[in-house]
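So the chains spell out like this:
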Amino acid sequence: MGLIAGSAALMSCQQKTQANEERPNILFILSDDHTSQAWGIYGGILQDYVKNDNIRRLASEGCVLDNCLCTNSISVPSRASIMTGAYSHVNGVYTLDDAIDPAEDNIAKQMQAGGYQTALFGKWHLKRKPTGFDHFEVFHDQGEYWNPLFKSEANWVDDTEGKQGVEEKGFSTDIVTEKVIQWIKQRDKTRPFMMCCHFKATHEPWDFPDRMKHLYDDVVFPMPENMMEFDQTKSGRTFPGQQLENMGWRWETASKDPDSWWCRYPELPFSTQGMDRDSARIKIYQKMIRDYLRCGATIDDNIGKLLKMLDEEGLAQNTIVIYVSDQGYFLGEHGFFDKRMMYEEPLHMPFVIRYPKEIKAGTRNKDIILNIDFAATLADYAGVNSPALSQGRSFRENLKGNTPEDWRKSMYYRYWTHHSIRPAHFGIRNDRYKLMFLYGDPLTMTGSEKQPTTPSWEFYDLQRDPHENHNAYNDPAYADIIQEMKQELLRLREEYKDTDADSERMQEILKEQLQ
């Protein structure tokens, strides 16, 4: 009997191992602000300057999403939507100052419940303790590029309770990659895994290791055709935006006293004193792009290390590899830097996925995919449930070229934080048109200015005006289209349950503007 029982147990273990091997591993690589203009696989003026050997490799071996869009283009809310599959008004993370509730369901918890081993290394940024992970080592808050502090289960303190952690010497992108590699090599090989590899890069201050220091010596980068847009007069844009001059001011301020600033910028001092307006803006842009691309090159370098490890471990065929940024970023377009606004540059989330068993190599997909869809898609591949609050859909079939007939034709966006230069707003976008309503009110949002701005509308024909140089809201030729989009906007707000029903102030604004 003992021999029979032992044989049965061995067979059961072997069957379990075989079943788990059939389910894919997941390597989810997330960066911060690594915008599509700087990936080199989406075209653009910088495509010939980007160091992207490994991003191109993933693209050639997998599928690139051309219309992966963010529902709230700022780091903390976007990351919360990725984890929960829900819009900000559903998961409760509206602004940079908000935190995710550890008790909330998320994709990592569902993976755990389904038998996956889960781990997270790098930038978490959701302030409270990560849940759903067997192991995690994350930065305090934004993290540092050099010698970052890591927090784990053993020494956890919420970000709001002070800066604590164990310092590790080196450059953060390299350190995170090494931690990921070591964990995967030492994993339980009888069970599939979901590994979240989260880089700080390419978030400001765009630092880089010494090996990238001379990557762009003496290079003069091409500039966006609308970079010298100094005001709203010609475009009809209804908000000032965060202009490059503010970046120059940050560098100059930090140059005087580096210890007084919130971050350490590379290669200071910097100054535009005595320069004319155009020359000063160009100088700021050239430094920003040089720093940014060197920072991005380090991501690509480390993606190469991760792919090499998967090859050497024999994991490449059965591992889904995703590389995505939490949102896009302005790189001088309209004279701006930063993100937040529903313009094309911040709205797009560059995204590439490789899964040799199922996804045809070298393909591209143009469907409108949202960050709320990520959790449902990973759950679909893993054979587990989506998080409880999930509002997204799996795009697994889309990646195989089988887009469902009822797939969304338009998307809903909302940025909740209000500042006069970047008013709170919501809007919709389809394959050609975009309509934005800048309601300009802080409501009750954390981190907002108290003073509201005058509500305004912006409308763009992305086919005729792909760089959003002309606000066509008052063009009579688009009146019928705009009216149709307003109705679609109301429909999507109802569908996603973002109706502001509890806000008396917002109901006043909506009554005046939409009825």
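The structure reproduced in this document is the subject of the present report. (Residues numbered from 1 in each chain as written. Predicted model: local features only at pLDDT ≥ 70, side-chain atom pairs only at ≥ 80, totals over all residues. Heavy atoms only, no water.)

### Observations regarding helix H3 (residues 75-84)
- Of all 10 residues that make up H3, 10 are buried, and the element is covered over most of its length.
- Every buried residue belonging to H3 is among Ser 75, Val 76, Pro 77, Ser 78, Arg 79, Ala 80, Ser 81, Ile 82, Met 83 and Thr 84, and all of these are buried.
- Check the buried side of H3 and you find it contacts strand S1 (25-31), helix H4 (88-91), helix H5 (107-113), strand S8 (193-198) and helix H10 (374-382).
- Residue Gly 85 follows H3 closely and has a positive phi angle near 75 degrees. (Buried < 20%, exposed > 50% of the residue type's maximum accessible area, 1.4 Å probe, protein only. Helix = DSSP H or I, 4+ residues; strand = E, 2+ residues; numbered from the N terminus. Contact = heavy atoms within 4.5 Å.)

### Regarding the pattern of salt bridges
- Evaluated as defined, the whole model comprises 49 salt bridges.
- Ionic pairing is found between Arg 277 and Asp 278, a salt bridge with its closest N-O pair at 3.9 Å.
- Salt-bridge contacts for Asp 380 lead to Arg 396; the nearest nitrogen and oxygen are separated by 3.3 Å. Pair noted here: Asp 380 is in helix H10 and Arg 396 is in helix H11 (residues 396-399), with a separation of 16 residues, a long-range link.
- Looking at Asp 380, the relative accessible area reads 33%, which means it is partly exposed.
- One connected set of salt bridges, linked through shared partners, spans Asp 32, Arg 79, Lys 123 and Asp 326. (Salt bridge = Lys/Arg side-chain N within 4 Å of Asp/Glu carboxyl O.)

### A closer look at the packing of aromatic side chains
- Tallied over the entire structure, the rule returns 37 aromatic pairs.
- With 6.2 Å between their ring centres and 85 degrees between their planes, Trp 124 and Phe 133 make a pair best called edge-to-face.
- Between Tyr 216 and Phe 221, the ring centres sit 5.3 Å apart and the planes meet at 65 degrees, which makes this aromatic pair edge-to-face.
- Given a relative accessible area of 6%, Tyr 216 falls into the buried group.
- For Phe 221, a relative accessible area of 2% gives the class buried. (Phe/Tyr/Trp six-rings, centres within 6.5 Å; stacked < 30°, edge-to-face > 60°.)

### Overview of unusual backbone geometry
- Residue Thr 202 is bonded to the preceding Ala 201 through a cis peptide linkage, with omega at 5 degrees.
- Here Thr 202 shows up in the loop between S8 and helix H7 (244-256).
- Going from Glu 204 to Pro 205, the amide bond is cis rather than trans, its omega being 20 degrees.
- Relative to the elements of secondary structure, Pro 205 occurs in the loop between S8 and H7.
- Located in the positive-phi region is Leu 443, a residue other than glycine, with phi close to 50 degrees.
- Relative to the elements of secondary structure, Leu 443 occurs in the loop between strand S17 (433-438) and strand S18 (456-461).
- With phi around 65 degrees, Lys 497 is a residue other than glycine that occupies positive phi space.
- Looking at Lys 497, the relative accessible area reads 64%, which means it is exposed.

### Some thoughts on the sheet that holds S1
- Spatially, 10 strands are ordered S7-S6-S5-S4-S8-S1-S9-S12-S2-S13 in an open sheet, and the strand pairing comes out mixed. The sheet is open, and its two borders are formed by strand S7 (166-167) and strand S13 (363-365), each paired with just one other strand.
- As paired strands, strand S9 (residues 319-325) and strand S12 (residues 351-354) are joined by 4 bridges and run antiparallel to one another. If you follow Ile 322 over to S12, its bridge partner there is Ile 353. (Pairing = 2+ DSSP bridges.)

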